[in-house]
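Each chain, letter by letter, is given below.
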Amino acid sequence: MKKTRYSILLLIALHVLGNIHVSAQLDSRNRTVETIIVDNLGQLPAPTHEKYLQVMSEIAATGEKGILQLAGMLGPAATTKNAKFEYALNSVTDYVTTPGNQKHLDSVRKGLVEALDKCTDNANKAFLITQLQKCA
(Lines give C-alpha, C1' and ligand atoms only; values in the text may rest on other atoms or scores of the structure.)
Protein backbone atom coordinates (compact mmCIF):
# COMPACT_ATOMS: atom_id res chain seq x y z
CA MET A 1 0.00 0.00 0.00
CA LYS A 2 2.79 2.43 0.92
CA LYS A 3 4.67 1.66 -2.29
CA THR A 4 1.58 2.45 -4.34
CA ARG A 5 1.07 5.77 -2.55
CA TYR A 6 4.73 6.74 -3.03
CA SER A 7 4.57 5.77 -6.69
CA ILE A 8 1.47 7.88 -7.25
CA LEU A 9 2.98 10.85 -5.40
CA LEU A 10 6.18 10.51 -7.42
CA LEU A 11 4.25 10.47 -10.70
CA ILE A 12 2.25 13.54 -9.68
CA ALA A 13 5.43 15.38 -8.64
CA LEU A 14 7.16 14.52 -11.93
CA HIS A 15 4.12 15.69 -13.88
CA VAL A 16 3.97 19.00 -12.00
CA LEU A 17 7.72 19.60 -12.31
CA GLY A 18 7.64 18.72 -15.99
CA ASN A 19 4.88 21.25 -16.63
CA ILE A 20 6.70 23.97 -14.74
CA HIS A 21 9.86 23.48 -16.78
CA VAL A 22 7.98 23.49 -20.09
CA SER A 23 6.00 26.65 -19.28
CA ALA A 24 9.02 28.69 -18.17
CA GLN A 25 10.39 31.09 -20.77
CA LEU A 26 14.11 30.57 -21.16
CA ASP A 27 16.73 32.67 -22.89
CA SER A 28 19.75 31.37 -24.78
CA ARG A 29 21.50 30.66 -21.47
CA ASN A 30 18.47 28.79 -20.05
CA ARG A 31 17.55 31.58 -17.64
CA THR A 32 13.96 32.43 -16.77
CA VAL A 33 12.63 35.99 -16.80
CA GLU A 34 12.88 36.06 -13.02
CA THR A 35 16.52 35.00 -13.10
CA ILE A 36 17.38 37.52 -15.81
CA ILE A 37 15.87 40.38 -13.81
CA VAL A 38 17.59 39.41 -10.55
CA ASP A 39 20.93 38.82 -12.30
CA ASN A 40 20.82 42.20 -13.98
CA LEU A 41 19.66 44.07 -10.87
CA GLY A 42 22.78 42.75 -9.19
CA GLN A 43 24.91 44.41 -11.88
CA LEU A 44 23.46 47.89 -11.33
CA PRO A 45 24.83 50.47 -11.32
CA ALA A 46 26.98 49.22 -14.16
CA PRO A 47 30.69 50.03 -14.08
CA THR A 48 30.88 50.98 -17.78
CA HIS A 49 28.51 52.33 -20.39
CA GLU A 50 28.87 49.15 -22.44
CA LYS A 51 27.87 47.01 -19.45
CA TYR A 52 24.95 49.35 -18.77
CA LEU A 53 23.71 48.90 -22.35
CA GLN A 54 24.05 45.11 -22.06
CA VAL A 55 22.08 45.05 -18.79
CA MET A 56 19.34 47.29 -20.21
CA SER A 57 19.16 45.19 -23.37
CA GLU A 58 18.66 42.01 -21.35
CA ILE A 59 16.02 43.59 -19.12
CA ALA A 60 14.21 45.06 -22.13
CA ALA A 61 14.25 41.66 -23.83
CA THR A 62 12.25 40.18 -20.94
CA GLY A 63 9.39 42.40 -22.12
CA GLU A 64 6.11 42.64 -20.31
CA LYS A 65 6.91 39.91 -17.76
CA GLY A 66 10.19 41.49 -16.77
CA ILE A 67 8.68 44.94 -16.36
CA LEU A 68 5.88 43.46 -14.25
CA GLN A 69 8.42 41.71 -12.07
CA LEU A 70 10.49 44.88 -11.62
CA ALA A 71 7.42 46.98 -10.83
CA GLY A 72 6.23 44.29 -8.44
CA MET A 73 9.44 44.75 -6.45
CA LEU A 74 8.45 48.32 -5.64
CA GLY A 75 7.31 48.49 -2.03
CA PRO A 76 5.27 51.22 -0.36
CA ALA A 77 7.19 54.40 -1.09
CA ALA A 78 6.85 55.73 2.45
CA THR A 79 8.51 52.71 4.07
CA THR A 80 10.63 51.00 1.41
CA LYS A 81 13.87 51.82 -0.36
CA ASN A 82 12.90 51.54 -4.03
CA ALA A 83 15.92 53.33 -5.52
CA LYS A 84 17.42 50.28 -7.27
CA PHE A 85 14.07 49.20 -8.78
CA GLU A 86 13.18 52.75 -9.83
CA TYR A 87 16.64 53.15 -11.35
CA ALA A 88 16.22 49.93 -13.33
CA LEU A 89 12.72 50.83 -14.55
CA ASN A 90 13.76 54.36 -15.45
CA SER A 91 16.87 53.10 -17.24
CA VAL A 92 15.08 50.44 -19.26
CA THR A 93 12.43 52.98 -20.25
CA ASP A 94 15.15 55.38 -21.38
CA TYR A 95 16.88 52.54 -23.22
CA VAL A 96 13.83 51.40 -25.23
CA THR A 97 12.90 54.96 -26.19
CA THR A 98 16.35 55.68 -27.62
CA PRO A 99 16.52 55.49 -31.42
CA GLY A 100 17.89 52.11 -32.45
CA ASN A 101 16.71 50.33 -29.29
CA GLN A 102 12.96 50.49 -29.85
CA LYS A 103 12.22 46.87 -30.74
CA HIS A 104 11.04 46.11 -27.18
CA LEU A 105 9.19 49.41 -26.69
CA ASP A 106 5.70 47.94 -27.13
CA SER A 107 6.24 45.11 -24.65
CA VAL A 108 7.78 47.49 -22.09
CA ARG A 109 4.81 49.83 -22.53
CA LYS A 110 2.36 46.94 -22.02
CA GLY A 111 4.24 45.88 -18.89
CA LEU A 112 4.07 49.40 -17.48
CA VAL A 113 0.32 49.61 -18.17
CA GLU A 114 -0.31 46.29 -16.46
CA ALA A 115 1.96 47.23 -13.55
CA LEU A 116 0.07 50.48 -13.15
CA ASP A 117 -3.21 48.57 -12.97
CA LYS A 118 -1.83 46.33 -10.22
CA CYS A 119 -0.10 49.07 -8.22
CA THR A 120 -1.77 50.21 -4.99
CA ASP A 121 0.74 52.80 -3.75
CA ASN A 122 0.06 56.34 -5.02
CA ALA A 123 3.71 57.40 -5.13
CA ASN A 124 4.63 54.28 -7.10
CA LYS A 125 1.67 54.87 -9.43
CA ALA A 126 2.97 58.39 -10.10
CA PHE A 127 6.41 56.96 -10.86
CA LEU A 128 4.97 54.34 -13.24
CA ILE A 129 2.87 57.01 -14.99
CA THR A 130 6.04 59.05 -15.52
CA GLN A 131 7.74 56.03 -17.09
CA LEU A 132 4.68 55.35 -19.26
CA GLN A 133 4.68 58.96 -20.46
CA LYS A 134 8.22 58.47 -21.77
CA CYS A 135 6.96 55.53 -23.85
CA ALA A 136 3.97 57.36 -25.33
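Scroll up to find the structure.
Attention here is on the structure that accompanies the text.

Quick notes on the rules
- Residues numbered from 1 in each chain as written.
- Predicted model: local features only at pLDDT ≥ 70, side-chain atom pairs only at ≥ 80, totals over all residues.
- Heavy atoms only, no water.
- Salt bridge = Lys/Arg side-chain N within 4 Å of Asp/Glu carboxyl O.
- Helix = DSSP H or I, 4+ residues; strand = E, 2+ residues; numbered from the N terminus.
- Buried < 20%, exposed > 50% of the residue type's maximum accessible area, 1.4 Å probe, protein only.
- Axes fitted to C-alpha atoms, helices over the stretch in contact; angles between N-to-C directions.
- Parallel < 35°, antiparallel > 145°, perpendicular 65-115°, else oblique.
- Left-handed = near helix turned anticlockwise from the far one by under 90°.
- Contact = heavy atoms within 4.5 Å.
- Nonpolar A, V, L, I, M, F, W, Y, C, P; charged D, E, K, R; others polar.
- Core = buried A, V, L, I, M, F, W, Y, C linked by side-chain atoms within 4.5 Å.

**Some thoughts on the pattern of salt bridges**
- Under the definition given, this model contains five salt bridges.
- Of the charged contacts in the structure, one is a salt bridge between Glu58 and Arg31, with a shortest N-O distance of 3.0 Å. One end of the pair, Glu58, is in helix α3 (residues 49–61); the other, Arg31, is in the loop between α1 (2–23) and α2 (33–41), with 27 residues separating them in the sequence. Accessibility classification places Glu58 together with Arg31 in one group, the buried group.

**What about the packing of helix α6 (residues 105–118) against helix α7 (residues 122–135)?**
- Contact geometry of α6 with α7 gives a least axis separation of 10 Å together with a crossing angle of 155°. In terms of axis orientation, α6 runs roughly antiparallel to α7. For the element pair α6 and α7, the recorded crossing hand is left-handed. Together, Leu105, Val108, Arg109, Leu112, Val113, Ala115 and Leu116 of α6 and Lys125, Leu128, Ile129, Gln131, Leu132 and Cys135 of α7 make up the contact between the two elements.
- Taken together, the residues that form the contact of α6 with α7 break down as ten nonpolar, one polar and two charged.

**Some points on the nonpolar core**
- With 28 residues, the main nonpolar core has Leu41, Met56, Ile59, Leu70, Leu89 and Leu128 as its most contacted residues.
- Listed by contribution, the elements that provide at least two residues to this core are α2, α3, α4 (63–72), α5 (83–96), α6 and α7.
- Among the elements that line this core, the one with the most residues is α5, at six residues.
- Those residues within four positions of Ile59 in sequence are excluded, and the remaining contacts are Ile37, Asn40, Leu70 and Val92.

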